[in-house]
Amino acid sequence: MRTLITFQNKRIPVYINQENKQPVQKTLKLLSNTLENKISSGKRALKKCLNSLISIEIVGCEAILHSVSENDSLALSLY
């Protein structure tokens, strides 16, 4: 399933695996809260990824953050 979230005044596509047991709205709220927390208190590599974020893929309890540079992409645990 594909949906959009707003993060840092940008519309970011989020792809959610249908096997996820959590409700979609709860997962998106958790994702948004985690991203906002990480942009303010995360390490430099994480902030670099978030500043060039182009899409997010949620598989189970992991959010895979895809950035413009493939080297900056990383995975983030939501739970």
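Residues numbered from 1 in each chain as written. Predicted model: local features only at pLDDT ≥ 70, side-chain atom pairs only at ≥ 80, totals over all residues. Heavy atoms only, no water.

Per an unreviewed UniProt entry, the recorded name for the protein is 3-dehydroquinate dehydratase, and the organism is Paenibacillus farraposensis.

Colleague: Describe the overall build of the protein, and please don't skip the residues or the numbers.
Modeller: Looking only at helices and strands, the protein features two helices and five strands. When the helices and strands of the protein are read in sequence order from the N terminus, they spell out β-β-α-α-β-β-β. For 79 residues, the compact-globule formula gives about 12 Å, and the C-alpha radius of gyration of the protein, at 12 Å, lands near that figure. Along the three orthogonal principal directions, the C-alpha set of the protein runs to about 30 × 20 × 20 Å. Considering the protein as a whole, with its 79 residues, one finds that 35% of them fall into the buried category. In the protein, 41% of the contacts between residues at least 6 apart in sequence involve partners at least 24 apart. Of note, the protein has its 11 positive side-chain charges centred 9 Å away from the centre of its 6 negative side-chain charges. (Helix = DSSP H or I, 4+ residues; strand = E, 2+ residues; numbered from the N terminus. Rg over C-alpha atoms; globule rule 2.2 N^0.38 Å. Buried < 20%, exposed > 50% of the residue type's maximum accessible area, 1.4 Å probe, protein only. Contact = heavy atoms within 4.5 Å. Lys, Arg positive; Asp, Glu negative; His and termini not counted. Charge placed at Lys NZ, Arg CZ, Asp CG, Glu CD.)

Colleague: Quick rundown of the side chain of serine 67? Include the residues and the values.
Modeller: With respect to the helices and strands, the residue serine 67 is situated in strand β4 (residues 62-67). The class of serine 67 is buried, set by a relative accessible area of 5%. Reaching out from serine 67, the side chain makes a polar contact with the backbone oxygen of serine 69 at a distance of 2.7 Å. Not counting chain neighbours up to four residues away, the residues in contact with serine 67 comprise Cys49, Ser52, Leu53, Ile54, Asp72 and Ser73. (Polar contact = N/O pair within 3.5 Å; in protein donor to acceptor, adjacent residues only side chain to side chain.)

Colleague: Just give me the short version of the nonpolar core, but keep the residues and values in it.
Modeller: If you look at the biggest cluster of nonpolar residues, it comprises 19 residues, and the most contacted ones within it are Leu31, Leu35, Ile56 and Leu65. In contact with leucine 31, not counting residues within four places along its chain, are Ile5, Val14, Ile56, Ile58, Ala63 and Leu78. (Core = buried A, V, L, I, M, F, W, Y, C linked by side-chain atoms within 4.5 Å.)

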